[in-house]
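The lines below spell out each chain.
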Amino acid sequence: MNIEEIKRLLQAALSDCDISVESEGSHLNVTVVGDVFEGKRPVQRQQLVYGALNEQIASGAVHAVNMKLCTPAEWQAA
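Calculation rules
- Residues numbered from 1 in each chain as written.
- Predicted model: local features only at pLDDT ≥ 70, side-chain atom pairs only at ≥ 80, totals over all residues.
- Heavy atoms only, no water.
- Pairing = 2+ DSSP bridges.
- Helix = DSSP H or I, 4+ residues; strand = E, 2+ residues; numbered from the N terminus.
- Axes fitted to C-alpha atoms, helices over the stretch in contact; angles between N-to-C directions.
- Contact = heavy atoms within 4.5 Å.

Peer 1: Looking at this model, I keep getting lost on the sheet that holds strand β1 (residues 18–24). Mind explaining?
Peer 2: Backbone-to-backbone hydrogen bonds pair the strands of a sheet. The strands run either parallel or antiparallel. In space, the 3 strands of this open sheet follow the order β1-β2-β3, with mixed pairing throughout. Two strands lie at the open edges of the sheet, namely β1 and β3 (64–70), each paired on one side alone. Across the sheet, the axes of successive neighbouring strands diverge by a mean angle of 10 degrees, strand direction being ignored. Of the pairings in the sheet, the one linking β1 to strand β2 (residues 27–33) comprises 7 bridges and is antiparallel in character. Along β2, the bridge assignment pairs V21 with V30. Strand contacts of helix α1 (residues 3–13): β1 and β2, with the helix running at about 145 degrees to β1, the strand carrying the most contacts. Contacting β2 and β3, helix α2 (residues 42–59) crosses the sheet at an angle of about 150 degrees to β3.

Structure (structure tokens):
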């Protein structure tokens with residue numbers, strides 16, 4: 001599965017977010033910045049991403065996902 005396909009899946013599930021995806025084989029590094037994460041705990045944020053990639057993870061196309069998920073304010077502070 002290529003990076004653009006992964007990015008499209010994430011954009012469909014997390015509209016109005018800035019999304020960056022890097023790949024190392026079946027391992028992904030995903031950065032998502034958006035207001036959708038406001039007030040959500042880290043696990044809730046991860047669940048949104050896993051939900052978008054569930055089929056790819058179940059099929060083995062994606063093996064591991066490293067995530068950096070934050071609101072725009074958190075991103076600016078970092």
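Continuing now.
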